[in-house]
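A look at the structure
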Amino acid sequence: MERWAKLAGVQLSQVEALKLAMEEAIAKGGRHLIETCAQRTDSKWSSQNLEKHLLEQFPEKTILRIDSESVADPERPAYGCIEHINASIKDFDLVICTTVVESGVSVELFGHFEGVWTIAPGVTPESSVS
């Protein structure tokens with residue numbers, strides 16, 4: 001990614017380079033889990049913005065967005081999914097989650113995801129990311 005940016009004379013931030021690497025991996029196939037620390041659209045890397053962007057980039061992919069808004073909305077597929085997280089996420093190509101999936105939640109689908117990505121710029125503590 002950065003190689004292409006350098007050829008074009010563009011300086012990428014680490015997060016932008018990570019996003020490009022993630023998009024390349026998604027394009028190759030498999031299921032991916034993407035964690036971000038923000039939900040709302042006023043944050044560039046929010047779950048809402050990532051969902052919108054990835055739907056535009058990969059309209060054939062099924063995407064589950066898990067954040068405080070989607071888990072509380074009975075019209076969303078993420079509604080109430082935290083209690084049965086493994087069953088809820090297994091049928092989606094891309095799962096985007098915020099820190100609503102944090103302590104006390106264990107994703108135990110070993111070998112299920114081709115890639116696990118975390119976009120956590122700013123002041124997100126390590127313990128929240130892990």
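Calculation criteria
- Residues numbered from 1 in each chain as written.
- Predicted model: local features only at pLDDT ≥ 70, side-chain atom pairs only at ≥ 80, totals over all residues.
- Heavy atoms only, no water.
- Helix = DSSP H or I, 4+ residues; strand = E, 2+ residues; numbered from the N terminus.
- Buried < 20%, exposed > 50% of the residue type's maximum accessible area, 1.4 Å probe, protein only.
- Contact = heavy atoms within 4.5 Å.
- Salt bridge = Lys/Arg side-chain N within 4 Å of Asp/Glu carboxyl O.

1. So, the overall build of the chain
Of the regular secondary structure elements, the chain holds 5 helices and 4 strands. The buried share of the chain, reckoned over its 130 residues, is 38%. Pairs at least 24 residues apart make up 58% of the contacts formed inside the chain by residues separated by at least 6 positions.

2. A few points about the pattern of salt bridges
All chains considered together, the criterion is met by 6 salt bridges. Across the pair Glu-51 and Arg-65 runs a salt bridge whose closest N-O atoms are separated by 3.2 Å. Highlighted residues: Glu-51 in helix H3 (residues 47-57) and Arg-65 in strand E2 (residues 63-66), separated in sequence by 14 residues. Each member of the pair, Glu-51 as well as Arg-65, is classed as buried. Note that Arg-65 and Glu-69 form a salt bridge whose closest N and O atoms lie 3.1 Å from each other. What makes Arg-65 buried here is its relative accessible area of 5%. A cluster of three or more residues bridged by salt bridges with shared partners is formed by Glu-51, Arg-65, Asp-67, Glu-69 and Arg-76.

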